[in-house]
Amino acid sequence: FGVLGGWASRQVHSALTKLELFDQIDDATGLYNARFFVQDADLEMSRSDRYHTIFSVGLIDVPAGGMSGLGRRQAQRMLHAVGRLVRDGVRRVDRPVHGRDRQRHRVAVVLPETGGEGARIFTERMAEKVRTLLWERGLPLEAPDVPWTTFTYPEDKEGIRSLQTEFRAIDRLEHPEETAGKSPRGGGR
């Protein structure tokens, strides 16, 4: 029974690990989700402080209203295509994230070891690719309709903290059942 119990324990642990990893993925895009961003930004800031390195976050906003005229399946395909485009356009070490608040789809990419100028170039190009994809798929967007911005740590520490707060709110919108019974003093993730 001891061998069987040990094997069963390892199987349960493996299944829970897989479930936890799955919970970090956004269903609509296949990118990481808002909860992952909050945790990952904390990790990168700690790493940056310890090793005296930099990192940046590129942020692209896609207005949700532009997709409101689409059918549910067409909007799902559109978001999946955006996720694939972003995933295919980043380095292995970069972590792309998607979250949706009430007005927009937010695509953030954590860019380790990337300074402000590199982040600006990357984010501007990615925003243009997203705008082109949306336009080619029937959403008539102009360049200003896909705004973008960048933050570089440690100079933009407050901007990254503010972005974490926004993604925490997105996580609460995406997972209201998990945050409904928690106290405001921290019992959440």
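My aim in this report is to walk through the structure given alongside it, one point at a time. (Residues numbered from 1 in each chain as written. Predicted model: local features only at pLDDT ≥ 70, side-chain atom pairs only at ≥ 80, totals over all residues. Heavy atoms only, no water.)

A word on the environment of Thr123
Next up, step 1: Tracing the backbone through its elements, the reader meets Thr123 in helix 4 (residues 116–136).
Next up, step 2: Thr123 sits in the buried class, given a relative accessible area of 1%. (Helix = DSSP H or I, 4+ residues; strand = E, 2+ residues; numbered from the N terminus. Buried < 20%, exposed > 50% of the residue type's maximum accessible area, 1.4 Å probe, protein only.)

Quick notes on the pattern of salt bridges
Two side chains bearing opposite charge may form a pair once their charged atoms approach each other closely.
Next up, step 1: Throughout the structure, instances matching the rule amount to 13 salt bridges.
Next up, step 2: Here Glu128 makes a salt bridge to Arg131, at a shortest N to O gap of 2.9 Å. With Glu128 and Arg131 both in helix 4 and three residues apart, the pair spans about one turn of that helix.
Next up, step 3: Shared partners join several salt bridges into a network, and the residues in it are Asp61, Asp101, Arg104, Arg106 and Glu166. (Salt bridge = Lys/Arg side-chain N within 4 Å of Asp/Glu carboxyl O.)

Focus: the packing of aromatic side chains
Next up, step 1: Per the stated rule, a full pass over the model turns up three aromatic pairs.
Next up, step 2: Relative to Phe36, the ring of Tyr32 has its centre 3.8 Å away and its plane inclined at 15 degrees; by these criteria the two rings are stacked.
Next up, step 3: By relative accessible area, which is 27% here, Tyr32 ends up partly exposed.
Next up, step 4: When its relative accessible area of 11% is taken as the criterion, Phe36 is described as buried.
Next up, step 5: Considering the side-chain rings of Phe37 and Phe167, the 4.7 Å spacing of their centres and the 40 degrees angle between planes classify their relative orientation as tilted. A residue pair is termed long-range when its members are at least 10 positions apart, and Phe37 in helix 2 (residues 34–51) and Phe167 in helix 5 (residues 157–174) qualify at 130 residues. Neither Phe37 nor Phe167 differs from the other in exposure class; each is buried. (Phe/Tyr/Trp six-rings, centres within 6.5 Å; stacked < 30°, edge-to-face > 60°.)

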